[in-house]
Amino acid sequence: MNHPRNLEYQVLVGQSKTQLELFAESLGEQSYRGRQLFDWLYHQKNDIIDEMTDLPALFREQVKKSAIVHPLVQVTQSDSGSKQTKKFLFQLQDGNQIESVLMKEKDRTTICISTQVGCAVNCDFCATAAMGFIQNLSAGEIVDQFLQLKKLSSGPITNVVFMGMGEPLLNYKNVIAAADLLHDPDGINMGAKRITISTAGIIPKIKQFTAEAHKYKLAISLNGSTQEQRLKTMPISAAQPLEELLAAATCYSRENKTRVTFEYVLIKDINEKIEDARRLQEMLSPINCKLNVIPYNETGGVYARPDDEKIQTFLSALKKAPFPVTVRWSKGVGIDAGCGQLATKTG
Ligand code: SAH
């Protein structure tokens, strides 16, 4: 991107229709030119200004002088053995770096995107936590992960999960703006139910999400079957206690008439016992929910993945649960692209 660094310039990806209308007006054009830009960027997914042929040549020159398209630059790509999972490292304009993951499975291609550089939540088992919190991503930096991965993916991206680096609900405004850009029918047009926002359990933000009646799916990382157990690995539970979290989740699923997903990272000697499974079943039965069990991906710390036999025993104990139980066998573990393995060295 040959753009003089010392000049003020706009970044186009991340801007809403209204913002692009104002941008066009600021260059002396009519506002509908901004809507045309929106269509090129998000609907046609073309980032070459010179190819935006329905825009006047003079306007195209002005856009090129005063704006860049992408807030992110791709640094590297790692492929897993099967090539079904790929991890991407992107650089922000300030030099900080983030990771995103592309996963193909049968007719589904899911991308896992980051919402922050580092994370403030400090879950003891998660590699991102070790980075500490560095900064929130802008809506543009979040949505650009989709646009750049879309260009690199052989087929359409069918699902987006906000489960990469960071705690999405602690960057609420930008995360919702990014989800809205992914969902906008005039733009990327991804169905709301194909967008999942995952949280460590920030109760006031879950309440806000419920009150604002967003249609995106919500996943809550439970990771423990009692308050005491959860506190051991997720210090955030002190301020966000389990009982209140479950009440907020219940309210969300009722008011938004939708199923909430609970994620449960299964960790050896921590939360893998049959009693944990039984408690989970009892605790979650009254809630319209689904449980996603994630066998722990090792990150070089003290925690370990339970033996396969233990994992099966845990799952068997949930056979009669009145809610669906799924297992996420992370696919990118060999390239540190599994859940909780994302961390970059900058910052
Ligand atoms: N902060 C958000 C989203 C990022 S973490 C959240 O907590 O939900 C995404 C998921 O990966 C969470 O369910 C988290 O508990 C899980 N996770 C974190 N570290 C992991 C690890 N090492 N192995 C498996 N899952 C992990």
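Data block above holds the structure.
Small disclaimer: the values here were computed from a predicted structure and weren't measured.

Criteria and cut-off values
Residues numbered from 1 in each chain as written. Predicted model: local features only at pLDDT ≥ 70, side-chain atom pairs only at ≥ 80, totals over all residues. Heavy atoms only, no water. Helix = DSSP H or I, 4+ residues; strand = E, 2+ residues; numbered from the N terminus. Polar contact = N/O pair within 3.5 Å; in protein donor to acceptor, adjacent residues only side chain to side chain. Contact = heavy atoms within 4.5 Å. Salt bridge = Lys/Arg side-chain N within 4 Å of Asp/Glu carboxyl O. Buried < 20%, exposed > 50% of the residue type's maximum accessible area, 1.4 Å probe, protein only. Near = heavy atom within 4 Å. Areas by Shrake-Rupley, 256 points an atom, 1.4 Å probe, with all protein chains shown as cover. Nonpolar A, V, L, I, M, F, W, Y, C, P; charged D, E, K, R; others polar.

Trainee: How should I be thinking about the side chain of Glu-272 in this particular structure?
Mentor: Topologically, Glu-272 is positioned in the loop between strand E12 (260-266) and helix H9 (274-284). Among the polar contacts listed, one links the side chain of Glu-272 to the backbone nitrogen of Asp-269, at a separation of 2.7 Å. In this view, Glu-272 contacts Leu-266, Ile-267, Pro-306, Lys-310 and Phe-314; residues no more than four positions away in its chain are not counted.

Trainee: How should I be thinking about the pattern of salt bridges in this particular structure?
Mentor: Two side chains that carry opposite charge are able to pair once their charged atoms sit near each other. Applying the stated criterion to the full structure yields eleven salt bridges. Here Arg-33 and Glu-29 are joined by a salt bridge, their closest N and O atoms 3.6 Å apart. As a salt-bridge pair, Glu-272 and Lys-310 come within 3.9 Å of each other at their nearest N and O atoms. Separated by 38 residues along the polypeptide, Glu-272 in the loop between E12 and H9 and Lys-310 in helix H10 (residues 308-316) bring together distant segments of the chain. On the accessibility criterion, Lys-310 (40% relative accessible area) is partly exposed.

Trainee: Please explain the site of the ligand as it appears in this structure.
Mentor: Around the ligand there are 20 residues in total, and Ser-198, Ser-221, Asn-223, Tyr-296 and Asn-297 lie nearest to it. Thr-199 has a polar backbone atom sitting 3.4 Å from an oxygen atom of the ligand. At 2.6 Å, a side-chain N or O of Ser-221 approaches an oxygen atom of the ligand. Compared with its free state, where it exposes 530 Å², the ligand has 96% of that area covered by protein. Where the shell around the ligand is concerned, the elements lending two or more residues are strand E10 (195-199) and E12. When the residues that make up the shell around the ligand are grouped by side-chain class, the tally is nine nonpolar, nine polar and two charged.

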